[in-house]
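# Structural features, examined
Residues per chain, in single letters:
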Amino acid sequence: MPVREYKPGRTAQYDELVRELAAEWAQSRGSEPVIYEERDRQGKLMHVYVVWSRWHDVDRAQRSEIIMDAAQKRLPESEWLNITIAMGLEPDEARHLGLGQ
Amino acid sequence: MAMRQQILSSPETLSDLAWAAEQRFADAQNLLDGARFTGAVYFLGLSVEIWLKLACFRFLGATLASPVHAQLGPARAWMRVHAPMTGHESYHSLLFWTEYLIRRRLASARPLSTNLAGELRHHVANRLFADWLIDLRYRFASVSEGLATRVYNDALWVRHSWPSLWR
């Protein structure tokens, strides 16, 4: 029997969150997630903030990775490669930072 | 407030990183003075990792109040395109941050001077990367005084140079 390499991938939850966020980016469908895009003076996308209740069980670094993976699915390379901050926040955290007020 | 709650209650910022780098470096100096060379090398590596992150993020326009975790995903995504063979080792790899800094500066048409890039490669990519990795925290290791001194001198270069690496 052949021996094949097994490479565990991301968790199902990770992939699901990337898919849902990418779909929201393409077409807003509900109240969440809310995606805030911040651009520089030249109009280049620099910072992305995503407010979403579903971040609850996801650590902060992974939230950033999920946002970037979703951005990569939806935005042209010249846009997503320019992002330097990708921050996922639960609604309470966003309120605490004054985001969206 | 308990330490865990204190740390988890707010996202870490670049300012937190800057203080932490100095604290780890001071701890390393004390360990060196006490001939605790393995612990000293571990803390020196952590300091270097932090200073490299600070240089990368500051170059990209982050302020001292900017959150750290939010900049990890973009770094990983950018490097996946520009240096896919350089792993980030859970964002602890000294080589990853060195390459990220050098390549992002180059891509932004603000490259490091040849001299500074050469010194960075010498001290970090060629030496510290070989002498330190985060996994040291879970391993018993025997570090000689000579190696610890070399790591200290390399880390000292990074400590003095990191502000020049992003300006």
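Structure shown above.
Residues numbered from 1 in each chain as written. Chains lettered and ligands numbered in written order. Predicted model: local features only at pLDDT ≥ 70, side-chain atom pairs only at ≥ 80, totals over all residues. Heavy atoms only, no water.

## A word on the overall build of chain A
Across its full length, chain A carries 4 helices and 3 strands. Along chain A, from the amino end to the carboxyl end, the secondary structure elements read α-β-β-α-α-β-α. Expressed along its principal axes, the backbone C-alpha trace of chain A runs to roughly 60 × 30 × 25 Å. With an accessible surface of roughly 6,300 Å², chain A has 46% of that area assigned to carbon and sulfur atoms. Here chain A contributes 14 positive and 18 negative side-chain charges, whose respective centroids are spaced 4 Å apart. (Helix = DSSP H or I, 4+ residues; strand = E, 2+ residues; numbered from the N terminus. Areas by Shrake-Rupley, 256 points an atom, 1.4 Å probe, with all protein chains shown as cover. Lys, Arg positive; Asp, Glu negative; His and termini not counted. Charge placed at Lys NZ, Arg CZ, Asp CG, Glu CD.)

## Re the interface of chain A and chain B
Taken together, the contact pairs 16 residues of chain A with 21 residues of chain B. Around 1,500 Å² of area is buried between chain A and chain B when both sides are counted, 60% of it from carbon and sulfur atoms. The largest contributions to the chain A side of the interface with chain B come from A:Arg60, A:Leu81 and A:Thr84, which together make up 37% of the buried area. Inspection of the region where chain A meets chain B yields 2 salt bridges. A salt bridge links B:Arg76 to A:Asp69; the nearest nitrogen and oxygen atoms lie 3.5 Å apart. (Contact = heavy atoms within 4.5 Å. Buried area = accessible area lost by both parts, 1.4 Å probe. Salt bridge = Lys/Arg side-chain N within 4 Å of Asp/Glu carboxyl O.)

## Things to note about the nonpolar core
Residues A:Ile83, B:Trp97, B:Leu120 and B:Leu165 are the most contacted members of the largest nonpolar core, which totals 80 residues. In terms of residue count, helix H3 (residues 37-59) of chain B provides more of this core than any other element does, 15 residues in total. Not counting the four nearest positions on each side in its chain, B:Leu165 is found in contact with B:Ala55, B:Leu101, B:Arg105, B:Leu112, B:Leu116, B:Leu120 and B:Trp157. Judged by nonpolar contacts, the second largest core, of 7 residues, contains A:Val51, A:Ile85, A:Leu89 and B:Ala70. (Core = buried A, V, L, I, M, F, W, Y, C linked by side-chain atoms within 4.5 Å. Buried < 20%, exposed > 50% of the residue type's maximum accessible area, 1.4 Å probe, protein only.)

## Quick word on the sheet that holds strand S3 (residues 85-89) of chain A
In a beta sheet, neighbouring strands pair by backbone hydrogen bonds and run either parallel or antiparallel. Residue and element names in this part refer to chain A. The mixed open sheet is built from 3 strands, whose spatial order is S1-S2-S3. Strands at the two margins of the open sheet, each flanked by one partner only, are strand S1 (34-39) and S3. Averaged over all pairs of adjacent strands, the angle between strand axes in this sheet comes to 15°, irrespective of strand direction. Both S1 and strand S2 (residues 45-51) contribute to a ladder of 6 bridges, which runs antiparallel. (Pairing = 2+ DSSP bridges. Axes fitted to C-alpha atoms, helices over the stretch in contact; angles between N-to-C directions.)

## Description of the packing of helix H6 (residues 114-131) of chain B against helix H7 (residues 145-166) of chain B
Residues and elements named next belong to chain B. Two elements in contact, H6 and H7, have axes whose closest approach is 10 Å; the angle formed by their N-to-C orientations is 140°. Comparing the axis directions of H6 and H7 gives the class oblique. Where H6 crosses over H7, the handedness of that crossing is left-handed. Where H6 approaches H7, its residues Leu-116, Glu-119, Leu-120, His-123, Val-124, Arg-127, Leu-128 and Asp-131 are matched on the opposing element by Leu-147, Arg-150, Val-151, Asp-154, Ala-155, Trp-157, Val-158, Ser-164 and Leu-165. For the contact of H6 with H7, the residue count by class is 10 nonpolar, 2 polar and 5 charged. (Parallel < 35°, antiparallel > 145°, perpendicular 65-115°, else oblique. Left-handed = near helix turned anticlockwise from the far one by under 90°. Nonpolar A, V, L, I, M, F, W, Y, C, P; charged D, E, K, R; others polar.)

## Structural notes on unusual backbone geometry
The linkage connecting A:Glu32 with the following residue, A:Pro33, adopts the cis geometry, with an omega of -5°. Backbone geometry places B:Ala35, a non-glycine residue, at a positive phi of 60°. One can find B:Ala35 in the loop between helix H2 (14-33) and H3. Unlike most non-glycine residues, B:Tyr91 shows phi in positive territory, near 70°. Tracing the sequence through the fold places B:Tyr91 in the loop between helix H4 (72-82) and helix H5 (94-107).

## Examining the packing of aromatic side chains
Under the counting rule described, the total for this entry stands at 10 aromatic pairs over all chains. Pairwise contacts between aromatic rings join B:Phe57, B:Trp78, B:Tyr91, B:Phe96, B:Trp97 and B:Tyr100 into one cluster. (Phe/Tyr/Trp six-rings, centres within 6.5 Å; stacked < 30°, edge-to-face > 60°.)

## As for a nonpolar patch on the surface
Residues and elements named next belong to chain B. A surface patch of nonpolar side chains, about 340 Å² in accessible area, is lined by Met-3, Ile-7 and Leu-8. Secondary-structure assignment places Leu-8 in helix H1 (residues 3-8). The exposed category is assigned to Leu-8, whose relative accessible area is 52%. (Patch = residues over 30% accessible without salt bridge, like charges linked within 9 Å, V, L, I, M, F, W, Y side chains within 5 Å.)

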